[in-house]
Amino acid sequence: MDSDNATQIGEIPVQKISESVYVGICHKIGTPQQVASRRDIIDIWELLKNQYPARLMMSGSRREGFRLHGSDIDTMFWPTDHRVIWDYFQSEYYNIHRQTLILCDSSESPAGFTLLWLPLECAGQRELSSCVRMNGGLYISSSKYREIIKKTSIDVRPDATIHGPCNRGTVLGGIMEYDHAHCFASDFWPPSAASWIDRCHSWPPPYVVNDIVRNGCHYVAIGHKLGNHEDKEWRISFSQAENKLVYSMNHTQFLTYGLLKLFLKVIINNGLRDEDKLLCSYHMKTAVFWAIQQNTLPHWCPHNLLAGFWVCFKLLLKWVYEGICPNFFIPENNMFLSKIHGQAQTSLFRRLYGLYEKGIALLLHSPSIRSSIIDVLCNPRLTVCTDEHTLISEAGFDVELFGEIDSTDIIQTSNLQLCMKYLHTVEQLIDSPLTQYHVVSLQIYTATILQSTAFILHNMYTNTGVNKQVYIAHKMSRHMLKLAAKFGYVSDMLYIAMYYYKTLRYREALSVIEMTKVKLAQPYLMYHRHRDRERYTEAVGGQSWSTKMRQAVAGNINLVNKLCYINELLPEQQSIRQNGRSALHIPPLVLLHMLEVFCSRHVDTMRAQTVLDDLQVLVHHDQGLHVDDLLRDISWEILGICQQMAGNIQAALYSYQQSLRQYPYHKIQTATTERIQDLHFYTPL
């Protein structure tokens, strides 16, 4: 088969196969609506999180809208009081008494890299500790800066390792890797990338170009391996610009990029060790950028998806043959220079050319694509519909939407001042043009902030001894929790119940628990990724997400490790704090049963035992419907605490032992072990 000129395979037009692959890739990567919601949710998350002297920006695949298995969480951090300039006359835009200016010196560096020196020889402690004296000037060494960040930064976990310009570690109990890059920002577009502006005739549109140039660039701590000062050089990063470029793609262009990423992972790099992988996702992104800008394909639409893929693949093949991969912003920066040359280059070209000769058949090696192609080949008369509304159900979209918000909902703090800043930011955003995804994520984040604020206030004033202050704090806390419950999840009622338990108002807590229990028992309830699609759609289909949240969606109960919610869980909170975890995440039904047991012991002991039996059945026999597998460590722990309070020592011992056998998502083993030891001296109340 001639992969350039083929218009059909047997009786099947390539355009029809392209449309089928488009549908298959949409199921794998996301529909336009899914991708838009992911991006908007991260936009709001970033706006809220940027309350510190250092700013942050999520970058990479996750920021672009991908949710591919195994992708890292890439985040960039930079201080706002240090700015990079290219010419000293640019210093007139800054107050040098408040901001440290760093001047670029690229005279001895390869294209795309630079040295950073301090002309006034003053900076922050980290920066000064990273400096080396060179040519009579004080330069910030990239290698020293990476090491100092690893030792001093609060966002870097103890087990992190240096990976390129980043500190790499794991989150979510080791399930996902993160890369944190500490860098410096510049408000100015680098002169070496000036030619890029002149190339932007057809893509991206002028308003995107202006936005990109106006927002400048960043400098990450890594030098060129073949440069004169590798340990001291910094690489110019266009991550912010790349995010805006990816956002300006149409969905077929975005899926072409995604198809190339899958092709790289599943076919090109499959089975290779990390050190043997010569091509990376950034090369795929660069190929798509060049292909779109050079207008190689006039129409990027579903029936041209495979044509777009081949355009990019041929460009990649050409680059490997020539040993030159030009950076999209600074073409003089050959991104193959230090790795793809000699025998490695020859071997890679032969491998890629062998794949190219297979034509479309090479995509059959990817399980997520193969089924789409085979469906059409086996059924030539199959009608392929690429309309977005047929690709995902309403319930299916809602599951991902709420799951996406929950995965970024780490607006949790024990700092009252920070809570006030968060709420002030929310207030300012209300008057801004917001998408529907911005609104729903803001709603959930605000509920979280109000809940944290309520418990912070209670903890601050409980022991002051000033009755008026305590009364006012109680009143404000209750008001905030009730307000949060009005526009939060169904399960957010449990924060009110926790508060009532904490303030010894057991009957009121039980009243809230009863109301919540009824709502959590509804057959249409969505929790985590579990829902009855038909009943959910019948109950709340077509309604606003605000209504759906309040009536049909439950989330985990998150207890920030530095706040006291329930005295009985303080050992677990202390344990996770020591192990670098930010919060306990408890399944709502587990917390509901725990609170009901605790409150009933003061009101109705018979009821307490009945509820404890229900909790035991739930934890012992649930198959992931109400107790997520990752949260079984804390769920067994809570069962053990309740059994210990009831005086059933043997049952409590068994539950604590089971907690230790679960996946250590929360890292509460220290607390669990201490509880087991305490059982030997425990006397039931």
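J.: Which parts of the structure should I look at to understand the overall build of the protein?
T.: Each helix and strand in the protein was counted, giving 27 helices and 18 strands. Judged by the C-alpha coordinates and their principal axes, the protein covers about 80 × 75 × 50 Å. Counting the 685 residues in the protein, one finds 55% classified as buried. For the protein, the separation between the mean place of its 64 positive charges and that of its 65 negative charges on side chains is 3 Å.

J.: How should helix H1 (residues 14–29) be read in this particular structure?
T.: Each α-helix winds once per 3.6 residues, and so residues spaced three or four apart point in a common direction. End to end, H1 covers 21 Å across 16 residues, agreeing with the expected 22 Å (1.5 Å per residue, within 8%). Of all 16 residues making up H1, 12 are buried, and the element is well covered by its neighbours. Regarding H1, the residues found buried are Val14, Lys16, Ile17, Ser18, Ser20, Val21, Tyr22, Val23, Gly24, Ile25, Cys26 and Ile29. In the segment just after H1, glycine 30 is the residue with positive phi, at about 135°.

J.: Sorry, what's going on with the packing of aromatic side chains here?
T.: In total, this model carries 39 aromatic pairs according to the counting rule given. Taking the centre distance of 5.3 Å and the plane angle of 50° together, the rings of tryptophan 196 and phenylalanine 329 count as tilted. Of this pair, tryptophan 196 sits in helix H6 (residues 194–199) while phenylalanine 329 is found in the loop between helix H11 (305–322) and helix H12 (342–357), placing the two residues 133 residues apart along the sequence. Assessed through its relative accessible area of 0%, phenylalanine 329 is described here as buried. Three or more aromatic residues link up through ring pairs in this structure, and these residues are Trp189, Trp196, Trp203, Phe238, Phe289, Trp290, Phe328 and Phe329. Looking at arginine 199, its charged tip hangs above the ring of phenylalanine 328, at a distance of 5.2 Å from the centre. Stacked on the ring of tyrosine 665, the Lys or Arg arginine 581 has its end atom at 4.6 Å from the ring centre.

J.: Even after reading the chapter, I still don't get a nonpolar patch on the surface, so can you show me in this structure?
T.: A cluster of nonpolar side chains, contributed by Tyr88, Ile96 and Leu120, occupies part of the molecular surface with about 280 Å² of accessible area. Inspection of the secondary structure puts isoleucine 96 in the loop between strand E5 (82–85) and strand E6 (100–105). Exposure remark for isoleucine 96: the relative accessible area of 41% places this residue in the partly exposed category.

J.: What is the right way to read the pattern of salt bridges from this model?
T.: Any two side chains of opposite charge can pair, on the condition that their charged atoms come close. A complete count under the given rule lists 28 salt bridges for this structure. Put simply, lysine 285 and glutamate 64 hold a salt bridge, and the shortest N to O gap is 2.7 Å. Of the two residues, lysine 285 sits in helix H10 (residues 281–293) while glutamate 64 sits in helix H3 (residues 60–64), which places them 221 residues apart along the sequence. The residues lysine 285 and glutamate 64 share a single accessibility class, namely buried. The shortest N-O distance in the salt bridge between aspartate 187 and arginine 83 comes to 2.6 Å. In this pair, aspartate 187 is assigned in the loop between strand E12 (176–186) and H6 and arginine 83 in strand E5, connecting sequence segments 104 residues apart. Given the relative accessible area of 32%, aspartate 187 is considered partly exposed. For arginine 83, a relative accessible area of 11% gives the class buried.

J.: Help me out: how do you make sense of unusual backbone geometry in this one?
T.: In most cases, non-glycine residues show a negative phi, while peptide bonds are predominantly trans. For the bond running from tryptophan 203 to proline 204, omega is -5°, close enough to zero to count as cis. Inspection of the secondary structure puts proline 204 in the loop between H6 and helix H7 (206–214). For glutamate 121, which is not glycine, the phi dihedral falls at a positive 55°. Position of glutamate 121 among the secondary structure elements: in the loop between strand E7 (113–117) and helix H4 (125–129). For glutamate 121, a relative accessible area of 37% puts it in the partly exposed group. Phi angles above zero are rare outside glycine, and asparagine 295 is one such case at about 55°. Here asparagine 295 lies in the loop between H10 and H11. Take asparagine 295: its relative accessible area is 48%, and that puts it in the partly exposed class.

J.: Any chance you could explain the packing of helix H14 (residues 394–408) against helix H21 (residues 545–552) here in plain terms?
T.: A pair of packed helices can be characterised by two numbers: the angle between their axes and the separation between those axes. One way to put it is that H14 packs onto H21 with a least axis distance of 12 Å and a crossing angle of 80°. With respect to each other, H14 and H21 are oriented roughly perpendicular. Contact residues: H14 offers Glu394, Phe397, Asp398, Leu401 and Phe402, while H21 offers Trp545, Lys548 and Met549.

J.: What's the story with the environment of leucine 138 in this structure? I'm lost.
T.: Position of leucine 138 among the secondary structure elements: in strand E9 (residues 137–140). In this structure the C-alpha to C-alpha distance between leucine 138 and leucine 128, which are 10 residues apart in sequence, comes to 8.7 Å. Those residues in contact with leucine 138 that sit more than four places away from it in its chain are Leu116, Trp117, Leu118, Glu121, Leu128, Cys131, Val132 and Arg133.

J.: Is there a simple way to explain the pairing of E9 in this structure?
T.: For a regular strand, side-chain orientation follows a simple rule: the groups alternate between the two sheet faces. Because side chains alternate across E9, one face comprises the buried residues Gly137 and Tyr139, and the other comprises Leu138 and Ile140, equally buried. Alignment of strand E8 (residues 131–134) against E9, held across 4 bridges, turns out to be antiparallel. Bridge assignment links methionine 134 to a residue of E9, and that residue is glycine 137. The turn joining E8 and E9, which pair antiparallel and follow one another in sequence, is formed by 2 residues; a positive phi near 50° is taken by asparagine 135.

What counts and what doesn't
- Residues numbered from 1 in each chain as written.
- Predicted model: local features only at pLDDT ≥ 70, side-chain atom pairs only at ≥ 80, totals over all residues.
- Heavy atoms only, no water.
- Helix = DSSP H or I, 4+ residues; strand = E, 2+ residues; numbered from the N terminus.
- Buried < 20%, exposed > 50% of the residue type's maximum accessible area, 1.4 Å probe, protein only.
- Lys, Arg positive; Asp, Glu negative; His and termini not counted.
- Charge placed at Lys NZ, Arg CZ, Asp CG, Glu CD.
- Expected span 1.5 Å × (residues − 1).
- Phe/Tyr/Trp six-rings, centres within 6.5 Å; stacked < 30°, edge-to-face > 60°.
- Lys NZ or Arg CZ within 6 Å of the ring centre and 35° of its normal.
- Patch = residues over 30% accessible without salt bridge, like charges linked within 9 Å, V, L, I, M, F, W, Y side chains within 5 Å.
- Areas by Shrake-Rupley, 256 points an atom, 1.4 Å probe, with all protein chains shown as cover.
- Salt bridge = Lys/Arg side-chain N within 4 Å of Asp/Glu carboxyl O.
- Axes fitted to C-alpha atoms, helices over the stretch in contact; angles between N-to-C directions.
- Parallel < 35°, antiparallel > 145°, perpendicular 65-115°, else oblique.
- Contact = heavy atoms within 4.5 Å.
- Pairing = 2+ DSSP bridges.

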